[in-house]
Amino acid sequence: ETGVTQSPTHLIKTRGQQVTLRCSSQSGHNTVSWYQQALGQGPQFIFQYYREEENGRGNFPPRFSGLQFPNYSSELNVNALELDDSALYLCASSLELGRDTEAFFGQGTRLTVV
Amino acid sequence: SQQGEEDPQALSIQEGENATMNCSYKTSINNLQWYRQNSGRGLVHLILIRSNEREKHSGRLRVTLDTSKKSSSLLITASRAADTASYFCATADSNYQLIWGAGTKLIIKP
């Protein structure tokens, strides 16, 4: 167990709906990253938060948005869900921002859009 | 876009044998990390090798890095059924964000 918890573990939504995924980072970690992983693929970087500020964003449309709270927990919001948004969403926290920093992952949220 | 490409895409070996998987990347790196993922769950960090290192060991894991060829290999010795998983390499870009390959799916047959 990494100490990073994500909720919910599974979710089924209808196309066009909105969804909020939550991540509680490991104690003392101030950096959170979100990834989307389609079946059989590697994770794709969505965005990263460092001390409540967005520190970079991958190639995802604006309907993917996020927040990091003062306790460093985080949310990923997706509006106007599309079928292709069906994937495993992974949250990872790190002790600090840096290239040598190990990422600790939660177990993910499996989102199915029907 | 994906920075790394793992090879092979899938590997099936007998328990006790050694498993080798490779990762190639495109840009210069500060370090390269290997992670394991069990059956669609979260990723677990295995080992980090810095660009000025050529080889690193951790238990039954041996990682090599060849920056001239932009490639790395992960060797798992004396494989066990519990090693069945997908293995990914990842590199950090200039904004400290991890860029991932598509992974190697390893199956250990009893």
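Predicted model only: the values in this text are computed from it and were never measured.

Parameters at a glance
Residues numbered from 1 in each chain as written. Chains lettered and ligands numbered in written order. Predicted model: local features only at pLDDT ≥ 70, side-chain atom pairs only at ≥ 80, totals over all residues. Heavy atoms only, no water. Salt bridge = Lys/Arg side-chain N within 4 Å of Asp/Glu carboxyl O. Helix = DSSP H or I, 4+ residues; strand = E, 2+ residues; numbered from the N terminus. Buried < 20%, exposed > 50% of the residue type's maximum accessible area, 1.4 Å probe, protein only. Contact = heavy atoms within 4.5 Å. Buried area = accessible area lost by both parts, 1.4 Å probe. Polar contact = N/O pair within 3.5 Å; in protein donor to acceptor, adjacent residues only side chain to side chain. Pairing = 2+ DSSP bridges. Axes fitted to C-alpha atoms, helices over the stretch in contact; angles between N-to-C directions. Core = buried A, V, L, I, M, F, W, Y, C linked by side-chain atoms within 4.5 Å. Disulfide = S-S within 2.5 Å. Phe/Tyr/Trp six-rings, centres within 6.5 Å; stacked < 30°, edge-to-face > 60°.

Asks: I'd like to hear about the pattern of salt bridges, residue by residue, with values.
Replies: Inspection of every chain in the model, using the stated rule, returns 6 salt bridges over all chains. The shortest N-O distance in the salt bridge between arginine 63 of chain A and glutamate 82 of chain A comes to 3.2 Å. Taken together, the positions of arginine 63 of chain A in the loop between strand E6 (53–57) and strand E7 (64–68) and glutamate 82 of chain A in the loop between strand E8 (74–78) and strand E9 (87–94) put the pair 19 residues apart, joining distant regions of the chain. Owing to a relative accessible area of 16%, arginine 63 of chain A belongs among the buried residues under this scheme. Look at glutamate 82 of chain A and you get partly exposed, because its relative accessible area is 39%. Among the ionic pairs, aspartate 83 of chain B bridges to arginine 60 of chain B, the shortest N-O distance being 2.9 Å.

Asks: I'd love a proper account of the interface of chain A and chain B, names of residues and values included.
Replies: Of the residues lining the interface, 24 residues belong to chain A; the matching set on chain B comes to 25 residues. Buried surface at the junction of chain A and chain B, summed over both partners, amounts to about 2000 Å²; 48% is from carbon and sulfur atoms. Taken together, chain A and chain B are joined by 0 salt bridges. Where chain A touches chain B, the interface holds 4 residue pairs in polar contact (both at pLDDT 80 or more).

Asks: Break down the sheet that holds strand E1 (residues 5–7) of chain A for me, citing the residues and quoting the values.
Replies: All names here are of chain A. Strand order in the open sheet made by the 4 strands is E1-E3-E8-E7, with antiparallel pairing throughout. Each edge of the sheet is formed by a strand with only one pairing partner; in this case those strands are E1 and E7. The average undirected angle you get between the axes of adjacent strands in this sheet is 15°. Pairing of E1 with strand E3 (residues 19–24), which is carried by 3 bridges, proceeds in the antiparallel orientation. Counted as the bridge partner of glutamine 6 is cysteine 23 from E3.

Asks: Any chance you could break down the nonpolar core for me, citing the residues and the numbers?
Replies: Soluble globular proteins tend to bury their nonpolar side chains together. Core analysis: the biggest nonpolar cluster contains 21 residues, and Met21, Leu32, Trp34, Leu74, Ile76, Tyr87 and Leu106 of chain B have the highest contact counts within it. When residues of this core are traced back to their parent elements, those giving at least two are strand E3 (19–24), strand E4 (31–37), strand E5 (43–50), strand E7 (61–66), strand E8 (71–76), strand E9 (85–92) and strand E11 (104–109) of chain B. If sequence neighbours within four positions are ignored, leucine 32 of chain B has contacts with Cys23, Tyr25, Ile47, Leu48, Ile49, Leu65, Ser72, Cys89, Ala90 and Thr91 of chain B. One finds Tyr49, Val78, Ala87 and Cys91 of chain A within the second-largest nonpolar core, a separate group that totals 19 residues.

Asks: Please set out the pairing of E6 of chain A residue by residue, giving values where relevant.
Replies: Sheet topology places strand E5 (residues 44–50) of chain A next to E6 of chain A; 3 bridges connect them, and they run antiparallel. Along E6 of chain A, the bridge assignment pairs tyrosine 49 of chain A with glutamate 54 of chain A.

Asks: Residues and numbers for the state of the cysteines, please.
Replies: All chains considered together, the criterion is met by 2 disulfides over all chains. The side chain of cysteine 23 of chain A participates in a disulfide bridge whose partner is cysteine 91 of chain A; the two sulfur atoms lie 1.8 Å from each other. Judged by the torsion about the S-S bond (-55°), the cysteine 23 of chain A/cysteine 91 of chain A disulfide is left-handed. Residue cysteine 23 of chain A is found in strand E3, and its partner cysteine 91 of chain A is found in strand E9; the two are separated by 68 residues along the sequence. For the pair formed by cysteine 23 of chain A and cysteine 91 of chain A, the shared burial category is buried. The disulfide that involves cysteine 23 of chain B links it to cysteine 89 of chain B, with 2.0 Å between the sulfurs. Torsion about the S-S bond of the cysteine 23 of chain B and cysteine 89 of chain B cystine: about 70°, corresponding to right-handed handedness. Taken as a pair, cysteine 23 of chain B in strand E3 and cysteine 89 of chain B in strand E9 lie far apart in primary sequence, 66 residues in all. Note on cysteine 23 of chain B: relative accessible area 2%, which makes it buried.

Asks: Break down the environment of asparagine 55 of chain A for me, with residues and values.
Replies: Mapping asparagine 55 of chain A onto the fold places it in strand E6. When the C-alpha positions of asparagine 55 of chain A and glycine 16 of chain A are compared, they lie 28 Å apart, and in sequence the two are 39 residues distant. When neighbours within four sequence positions are excluded, asparagine 55 of chain A is seen to be in contact with Gln48, Tyr49, Tyr50 and Leu97 of chain A together with Asn95 and Gln97 of chain B. One polar contact links asparagine 55 of chain A to glutamine 48 of chain A, side chain to side chain, over a distance of 2.6 Å.

Asks: How would you explain the packing of aromatic side chains if you had to name every residue and give the values?
Replies: Counted according to the given criterion, the structure contains 9 aromatic pairs over all chains. On the numbers, 5.9 Å between centres and 85° between planes, the contact of tyrosine 35 of chain A with tryptophan 100 of chain B is edge-to-face. On the criterion of chain membership, the pair formed by tyrosine 35 of chain A in strand E4 (residues 31–37) and tryptophan 100 of chain B in strand E10 (residues 98–100) is interchain, its members lying in two chains. Put simply, the rings of Tyr35, Phe45 and Phe105 of chain A together with Tyr35, Phe88 and Trp100 of chain B pair up and form one aromatic cluster.

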